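Architecture and fold: a report
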Amino acid sequence: MSTKLNIAPIKIEKFTLENGLRVVLNEDNSSPVVSVAVYYDVGSRNERKGRDGFAHLFEHMMFQGSENIAKSGHFQHISRAGGTMNGTTGSQRTNYYEVLPASQFPLALWLESDRMLSLNITQENLENQRAVVIEEKRQRYDNQPYGQIFDILTEMVFTNFANSHSTIGSVEDLNAATLDDVADFFRMYYAPNNAVLTVSGSFEIDLAKELIEKYFASIPRQPLPPEIDVSEPEEVALKHKIWEDKLAPLPAFLIGWKIPPRRTKEFNALYLAGKLLYDGESSRLYQKLVKGEESVLQLFGFTDERRGPSMATIGAIPKPEQDVKQIRQVIFDEIENISNNGVSLEEMNKLQNQLRNDEVRSRQSSLGRARQLAEFTLYDNEPELANTEIENYLSITAEDIRLAANRYLKTDNRSELDVIPVNKG
Amino acid sequence: MNEDFRKQPPLKLAERPFSISKPFETHLENGLKIIIFEDSKLPLVSFRLAFRFGEIDDNNRQLSIMNSMMKEGTEKFSSKQLADETDKYGASISIGSSSDDTIIAASSLSVYRSEMLDLIAEVLFKPTFPEDELELKKQNSIEGLKFNRSDAGFLADERFSKIVYGEHPYSITSPTVSQLENITRDDLVALHRERFVPNIATFLVVGDVNKDDLLAELKAKFGDWKQGSVVSKDFASVPKRTKKTLTIVDRADSAQSNIVIGNLGIKRTDEDYFSCLVMNQILGSGATSRLFMNIREDKGYTYGAYSSFDKRKLTGTFEASAEVRNEVTGAAMTEFFYELNRIRDENVSDDDINLAKSYLTGVFPLRVETLEGLMGQLVSQELYDLPKDYLETYRENIEAVTISDVKRVAQKYIDVEKIAIVIVGDKKDILSQIEGFADNIETFDVEGNLIN
């Protein structure tokens with residue numbers, strides 16, 4: 001099958017303002033909608049020890065007003081315009097975005113530029129958002145069965161603090177954050193030369209350039225933040241841990257492997273190996289464990305994509321009275337099977353069709369395109385990858401997958417987490 | 001540097017026209033309604049075969065098992081072969097029911113349109129319900145119920161539904177273990193034969209298709225489908241509430257209290273629908289609403305506080321809810337009631353209502369940017385029997401809502417004196433904070449048993 005995707009490429013125009021802000025425009029008039037995304041090159045990987053969770057807490061501060069925008073004004077302005085917006089924080093970056101009716105395009109530029117220039121940093125806002133973030137942690141992690149296990153596994157897989165600690169942070173560290181921390185963080189990371197602005201949807205290119213210049217060009221450049229070291233030692237032994245979960249109804253387990261960075265051939269091959277193993281009802285492990293042996297209730301996995309060392313994970317929730325060791329062994333046997341015997345032609349065809357389908361679907365919405373363009377610009381300085389990276393995936397061969405599985409998954413150098421329910425009632 | 005332009009929000013640009021053309025509609029001779037919307041922006045296609053029967057039309061609650069069993073073996077394919085056949089195109093097929101309807105959903109690259117229609121026809125017409133697959137499905141569903149019981153949101157929804165719906169089948173949110181244990185293959189065969197009939201179904205297709213080719217194909221593949229009888233809808237009436245109630249589901253070790261406050265609301269086609277939409281936008285929808293601004297942005301009690309009217313074919317509910325830390329459970333309830341009373345007692349401001357209206361009208365084009373978004377609109381318009389001109393008249397219907405409408409529907413549908421309060425949380429941590437909110441408190445355990 002061809003390794004080309006036969007659809008029109010995303011139209012890209014890119015430039016950099018004098019203050020270092022990288023801008024990417026994608027004019028696409030298929031819907032009267034425009035999406036604006038601002039990505040800052042800061043995530044939990046940039047946090048220092050004792051400030052776990054700070055990048056995310058800071059993201060909340062970005063909605064608390066700036067010189068010309070009142071507290072909660074951001075929400076109000078976007079709502080009034082019939083738009084939606086949000087911000088998210090991950091290990092690799094923090095992003096902010098607005099989706100608006102096309103006529104409201106300038107509003108997003110006004111709002112994003114005002115907070116990049118003049119964020120309103122007050123003790124009152126910090127106290128309030130600290131409380132909100134701690135509730136977010138309770139709601140999404142602490143009060144959920146199995147809510148904390150992925151963060152615990154990440155701590156096991158990675159050795160380097162930059163990679164290993166959680167994005168949501170700890171209550172202790174969140175409580176330790178000061179107003180000075182907020183101000184320093186803003187100065188250091190929220191500078192135009194540490195950010196990318198993308199616009200996708202229905203707008204005029206010339207007007208967009210003019211407006212972006214007007215709103216962003218006078219925001220001063222800052223010294224670049226310090227380089228961070230995300231390197232990891234090669235693992236040399238199996239790590240094992242037990243987590244007692246007060247809310248979980250059944251035992252569970254996770255297995256994690258340290259794997260090469262995103263956009264390497266090995267990473268792409270391992271992403272595909274993961275899909276073959278656990279993605280969907282036709283996957284090998286679903287057929288072996290959920291069907292076949294009938295030992296597993298839920299099977300899941302994902303590939304955590306990072307600029308540095310990344311992570312592959314497989315997990316399962318076995319049925320009661322099942323032997324967890326035996327189930328893990330089935331997983332290792334299947335990895336060994338791929339390592340020895342490779343991948344069939346049918347499986348390769350399936351993977352390629354899934355890649356094509358996912359890629360075309362991801363291009364439907366202006367926000368989807370704005371986000372892709374922003375990521376490839378921020379991480380690779382190459383927005384064109386939004387059109388071409390799919391070809392790198394489609395060119396991965398069965399042998400690439402076999403070799404990558406053999407080298408990175410068929411190994412004792414992995415982390416295993418056993419989750420044990422302890423319902424005290 | 002003179003940057004006065006930053007002081008005011010920028011003027012908006014010229015409006016870019018927005019219109020959705022009317023989809024093509026027809027019926028096959030067997031009564032199957034067809035809706036086709038051609039959209040060739042990208043080589044994708046999306047299908048929904050929607051039936052006007054749902055969980056409430058099935059007293060034994062066997063639908064969820066039957067739906068998933070339709071993919072576990074057909075005359076032509078085994079369970080694994082069906083999974084392979086779907087995944088090899090990078091496509092997906094799922095079958096699911098809500099209270100009111102049942103939908104077979106599929107999507108793929110448009111080049112595989114015919115293959116997907118064959119697969120839909122295969123799972124629809126030829127399921128064999130193999131005994132061994134049924135046993136596994138029952139076993140897994142029973143374990144799944146245990147899972148649900150570990151989730152605070154499930155427990156809150158389950159208890160709230162029982163309280164406000166009483167004997168009406170909307171009160172049931174999941175089957176019981178014994179219902180699942182007792183399902184036989186014969187049950188599924190009968191249910192399948194009875195329910196999946198063309199005269200209560202609509203086939204919607206959105207995407208990169210040619211209408212005439214598609215119609216010919218639909219006729220060939222779904223034209224011989226035999227009509228059946230229409231489900232009769234005869235349900236127990238909903239109870240009339242007489243007083244405020246407070247119910248705790250005692251979930252040990254909860255890190256938060258999951259609070260739900262509400263009562264019965266409206267059906268989707270109620271004449272008060274648009275007034276309720278605007279009122280709720282002001283009260284509790286999204287980050288500009290009063291509940292969010294008060295309980296999150298001002299007090300910091302929660303990650304989010306919201307309210308909603310759920311959309312149902314018959315009577316829906318009104319609910320205000322938040323997850324808050326244990327220590328502020330009582331304080332959060334005080335704020336909820338402050339806001340519920342305020343929107344009943346005081347006129348909202350011009351600014352409040354204008355903000356709500358401009359959001360509700362402006363956001364519309366964003367909702368239909370993708371195939372699935374557009375499909376969602378078409379499906380709900382069809383299944384809720386909304387008027388043909390619903391999309392065209394949406395804006396004027398919103399614009400027509402007045403400040404007194406907002407107050408009127410708040411008073412009518414938020415009955416604070418007879419409202420139901422459900423809290424899922426750790427009773428020993430929260431009891432003393434909430435005792436004053438109702439005359440007495442009922443407590444259930446997480447298994448659903450009444451404790452006192």
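Remember, it's a predicted structure, so these values are computed and weren't measured experimentally.

Below, the discussion takes up the overall build of chain A. The helix and strand inventory of chain A stands at 16 helices and 11 strands. At 23 Å, chain A has a C-alpha radius of gyration in line with the 22 Å of a compact globule built from 425 residues. In terms of its C-alpha atoms, chain A occupies a principal-axis envelope of roughly 60 × 55 × 40 Å. Residues classed as buried in chain A amount to 52% of the 425 residues present. Across chain A, the fraction of contacts at a sequence separation of at least 24, relative to all contacts at a separation of at least 6, is 80%.

In terms of helices and strands, chain B carries 17 helices and 12 strands. For a compact globule of 452 residues, the expected C-alpha radius of gyration is about 22 Å, and chain B comes in at 24 Å, within 12% of that figure. C-alpha extents for chain B along the principal axes are approximately 65 × 60 × 45 Å. Buried positions account for 44% of the 452 residues belonging to chain B.

Before going further, it helps to examine the packing of helix α3 (residues 113-125) of chain B against helix α8 (residues 211-222) of chain B. Residues and elements named next belong to chain B. Between α3 and α8, whose axes approach to 11 Å, the crossing angle comes to 25°. One finds that α3 runs roughly parallel with respect to α8. For the pair α3 and α8, the crossing hand works out as right-handed. Every residue of α8 that contacts α3 at S114, L117 and A121 is listed here: E217, K221 and F222.

Below, the discussion takes up the confidence of the model for chain B. Looking at chain B as a whole, the pLDDT averages 96, with 100% of positions reaching at least 70. Overall fold confidence for the complex sits at a pTM of 0.95, while the interface term, ipTM, reaches 0.94.

Residue and element names in this part refer to chain A. If you trace the 5 strands from one edge of the open sheet to the other, you get β7-β11-β8-β10-β9, paired in mixed fashion. The sheet is open, and its two edges are formed by β7 (239-245) and β9 (296-304), each paired on a single side. Neighbour to neighbour, the strand axes of the sheet diverge by 15° on average, direction disregarded. With 7 bridges joining them, strand β8 (residues 252-259) and strand β10 (residues 310-318) adopt antiparallel strand pairing. Directly across from L254, in β10, lies its bridge partner G315. In the packing of helix α10 (residues 265-278) onto the sheet, the strands contacted are β8, β9 and β10, and the crossing angle to β9 comes to about 170°.

The next subject is the pairing of strand β6 (residues 201-207) of chain B. Residue and element names in this part refer to chain B. Burial analysis of β6 places 7 of its 7 residues in the buried class, which makes it a mostly covered element. Relative to β6, strand β2 (residues 33-38) runs parallel, the two being bridged by 6 bridges. Among the inter-strand pairings, K33 is bridged to a residue of β6, identified as T202. Bridging between strand β3 (residues 44-51) and β6 involves 7 bridges; their strand directions are antiparallel. Bridged to L49 within β6 is F203.

Turning our eyes to something else, we now look at the interface of chain A and chain B. Think of interface size as the accessible area that goes away when the parts come together; that is how it is often given. Contacts between the two partners involve 65 residues from chain A, matched on the other side by 66 residues from chain B. When contributions to the side of chain A that touches chain B are tallied by element, the ones reaching two or more residues are α2 (73-80), β5 (94-101), α3 (105-118), α4 (123-142) and α13 (345-362) of chain A. With 9 residues, the top contributor of residues to the side of chain A that touches chain B is α13(A). Looking at the side of chain A that touches chain B residue by residue, the class counts come to 20 nonpolar, 28 polar and 17 charged.

Here we take up the environment of B:I36. Residues and elements named next belong to chain B. Mapping I36 onto the fold places it in strand β2. Once the C-alpha coordinates of I36 and A190 are considered, the two residues, 154 residues apart in sequence, prove to be 31 Å apart. I36 has contacts with P23, F24, V205, V209, K211 and L214, leaving out every residue within four places of it along the chain.

Here the focus is the nonpolar core. With 67 residues, the main nonpolar core has A:V34, A:V36, A:Y39, A:Y97, A:L197, A:I212 and A:A370 as its most contacted residues. Not counting the four nearest positions on each side in its chain, A:V36 is found in contact with A:Y97, A:E98, A:A108, A:L109, A:E112, A:V199 and A:A370. Of all hydrophobic cores here, the second largest spans 63 residues; its members include B:I259, B:Y301, B:A332 and B:V406.

Before going further, it helps to examine the pairing of strand β11 (residues 420-425) of chain B. Residue and element names in this part refer to chain B. With 6 of 6 residues buried, β11 lies mostly within the body of the structure. Two strands pair when backbone bridges link them, and strand β7 (residues 245-250) and β11 are joined in this way by 6 bridges, in the parallel orientation. Its bridge partner lying in β11, T247 is registered against V422. Taken together, the 5 bridges between strand β8 (residues 256-264) and β11 define a ladder with antiparallel strand orientation. Residue pairing in the sheet places V260 in a bridge with V422 of β11.

Here we take up the packing of α10(A) against α13(A). Residues and elements named next belong to chain A. One way to put it is that α10 packs onto α13 with a least axis distance of 11 Å and a crossing angle of 110°. In terms of axis orientation, α10 runs roughly perpendicular to α13. Taking contact as the criterion, the partners of L272, K275 and L276 in α10 are, on α13, E347, L351 and Q354. In terms of residue class, the contact of α10 with α13 is made up of 3 nonpolar, 1 polar and 2 charged.

With that settled, consider helix α10 (residues 290-298) of chain B. Taken together, the buried positions of α10(B) are B:R290, B:L291, B:F292, B:I295, B:R296 and B:E297. Where α10(B) is buried, its residues meet α4 of chain A together with α9 (273-284), β9 (302-309), β10 (317-325) and α11 (329-345) of chain B. Positive backbone phi, at 70°, marks B:G300, one or two positions downstream of α10(B).

What follows concerns the sheet that holds β11(B). All names here are of chain B. One open sheet accounts for 6 strands, arranged β9-β10-β8-β11-β7-β12; its pairing is mixed. With one partner strand each, in any of the chains shown, β9 and β12 (441-445) form the two edges of the open sheet. Within this sheet the neighbouring strands show an average axis-to-axis angle of 15°, counted without direction. Packed onto the sheet, α10 meets β9 and β10 and runs at close to 160° relative to β9.

Once that is clear, we can look at the environment of A:S339. Residues and elements named next belong to chain A. Its place among the elements puts S339 in helix α12 (residues 324-341). Spatially, the C-alpha atom of S339 lies 8.8 Å from that of L409, the residues being 70 residues apart in sequence. Residues within four places of S339 in sequence aside, it is in contact with R402, A405, N406 and K410.

Our focus in this paragraph is helix α7 (residues 185-195) of chain B. All names here are of chain B. Of the positions making up α7, those classed as buried are L188, L191 and R195. End-on, the buried residues of α7 take up no more than an arc of 70°, which puts them together on one face. Facing away from the buried side of α7 by more than 90 degrees, the exposed set consists of D186 and R193. For α7, the elements touching its buried residues are β3 and α1 (63-69).

Here the focus is unusual backbone geometry. Residue and element names in this part refer to chain A. Of note in the backbone geometry, S72 takes a positive phi value of approximately 65° without being a glycine. With 17 C-beta atoms packed within 10 Å, S72 lands in the partly exposed category. Backbone geometry at E294 places phi at a positive 55°, although glycine is not the residue there. Looking at where E294 falls in the secondary structure, it is placed in the loop between α11 (284-290) and β9.

Calculation criteria
Residues numbered from 1 in each chain as written. Chains lettered and ligands numbered in written order. Predicted model: local features only at pLDDT ≥ 70, side-chain atom pairs only at ≥ 80, totals over all residues. Helix = DSSP H or I, 4+ residues; strand = E, 2+ residues; numbered from the N terminus. Rg over C-alpha atoms; globule rule 2.2 N^0.38 Å. Buried ≥ 20, exposed ≤ 12 C-beta atoms within 10 Å, placed from the backbone. Contact = placed C-beta atoms within 7 Å. Axes fitted to C-alpha atoms, helices over the stretch in contact; angles between N-to-C directions. Parallel < 35°, antiparallel > 145°, perpendicular 65-115°, else oblique. Left-handed = near helix turned anticlockwise from the far one by under 90°. pLDDT = per-residue confidence, 0-100. Pairing = 2+ DSSP bridges. Nonpolar A, V, L, I, M, F, W, Y, C, P; charged D, E, K, R; others polar. Core = buried A, V, L, I, M, F, W, Y, C linked by C-beta atoms within 7 Å. Arc of directions from axis to C-beta.

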